[in-house]
Amino acid sequence: MKPLKYALWLLLLPAWMGLSSCNQSATNDGEDFGNLLTSPQGLLLTEEEHPEGWGRAECTLCHNLENIHLENRTGLPIDIQAIYQQALDEGLSSCASCHGTNGVVP
Ligand code: HEC
Ligand code: HEC
């Protein structure tokens, strides 16, 4: 394996393990994929960066709504608490307005 790929795995593995340990205690900083604005399409999901979740409408199979939107990592003047609340209030119907269709054909 090339060193760069290896380094990528070291970064991704903890993120993945974080996702798979769903029902653990609530106090943490939530899911962390770094600053989403530095990914290819910003907040919008692409197949390349979201291979496991691509094409799936049921985001909550893998993402716990209470465990995301906990910290503003974008550096933008956004109200992350309002986003957290909106995702909880409006549920799955809200996700696409900020993250795109995720490859789901309506
Ligand atoms: C089958 C599991 C699964 C489903 C379903 C899923 N995701 Fe994901 N999601 C992941 C994983 C795993 C990651 C970590 C990045 C990766 O390896 O794909 C991720 C990462 C993300 C990220 C961060 C992307 C980035 O730029 O790093 C966002 C935003 C996201 N998901 C939103 C959603 C939304 C919105 C839905 C529903 C439309 C959804 N996910 C459905 C597994 C899933
Ligand atoms: C009003 C816009 C908005 C809505 C609606 C929204 N998100 Fe997000 N989401 C964001 C922003 C902005 C970030 C980046 C937060 C940061 O790290 O600064 C984010 C980050 C994420 C992440 C990465 C983990 C994290 O906490 O940073 C996931 C996963 C995610 N959203 C899933 C979802 C799902 C699933 C829904 C629908 C239930 C949803 N989002 C609805 C704006 C939104």
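Residues numbered from 1 in each chain as written. Chains lettered and ligands numbered in written order. Predicted model: local features only at pLDDT ≥ 70, side-chain atom pairs only at ≥ 80, totals over all residues.

Draft legend 1. Summary view of the overall build of the protein chain. The helix and strand inventory of the protein chain stands at three helices and zero strands. Counted from the first residue to the last, the protein chain has its helices and strands arranged as α-α-α. The long-range share in the protein chain, meaning contacts at least 24 apart out of those at least 6 apart in sequence, stands at 61%. (Helix = DSSP H or I, 4+ residues; strand = E, 2+ residues; numbered from the N terminus. Contact = placed C-beta atoms within 7 Å.)

Draft legend 2. Here's a closer look at the site of ligand 2. Not every one of the 26 residues close to ligand 2 is listed here, only the nearest: C59, I68, R73, C95 and C98. Split into classes, the residues belonging to the shell around ligand 2 amount to 13 nonpolar, 10 polar and three charged. (Near = placed C-beta within 6 Å. Nonpolar A, V, L, I, M, F, W, Y, C, P; charged D, E, K, R; others polar.)

Draft legend 3. Here's a closer look at the site of ligand 1. Around ligand 1, the surrounding shell holds 21 residues, and the nearest of these are F33, G53, R56, C59 and C62. Elements supplying a minimum of two residues to the shell around ligand 1: α1 (3-20) and α3 (92-99).

Draft legend 4. Geometry of the confidence of the model for the protein chain. Counting all residues, the mean pLDDT for the protein chain is 85, and 74% of those residues have values of 70 or more. Within the protein chain, α1 has the poorest average pLDDT of any element, 61, and helix α2 (residues 80-90) the best, 97. (pLDDT = per-residue confidence, 0-100.)

Draft legend 5. Region of the structure containing α2. For α2, the buried fraction is low: one of the 11 residues fall into the buried class. Immediately downstream of α2, the backbone of G91 shows phi near 65°, a positive value. (Buried ≥ 20, exposed ≤ 12 C-beta atoms within 10 Å, placed from the backbone.)

Draft legend 6. Representation of the environment of P40 within the structure. In this structure, P40 sits in the loop between α1 and α2. Discounting chain neighbours no more than four positions away, the residues touching P40 are T46, E48 and E49.

Draft legend 7. Inspection of unusual backbone geometry at higher detail. A positive phi angle is found at H69, which is not glycine, with a value near 60°. On the secondary structure map, H69 appears in the loop between α1 and α2. Located in the positive-phi region is N102, a residue other than glycine, with phi close to 60°. By the element assignment, N102 lies in the segment after α3.

Draft legend 8. Main features of the environment of G42. Locating G42 in the fold gives a position in the loop between α1 and α2. Judged by C-beta crowding, with 15 C-beta atoms within 10 Å, G42 ranks as partly exposed. The spacing of G42 and C98 is 56 residues in sequence and 9.9 Å in space, taken between C-alpha atoms. The residues touching G42, leaving out its near neighbours within four places in the chain, are L36 and L37.

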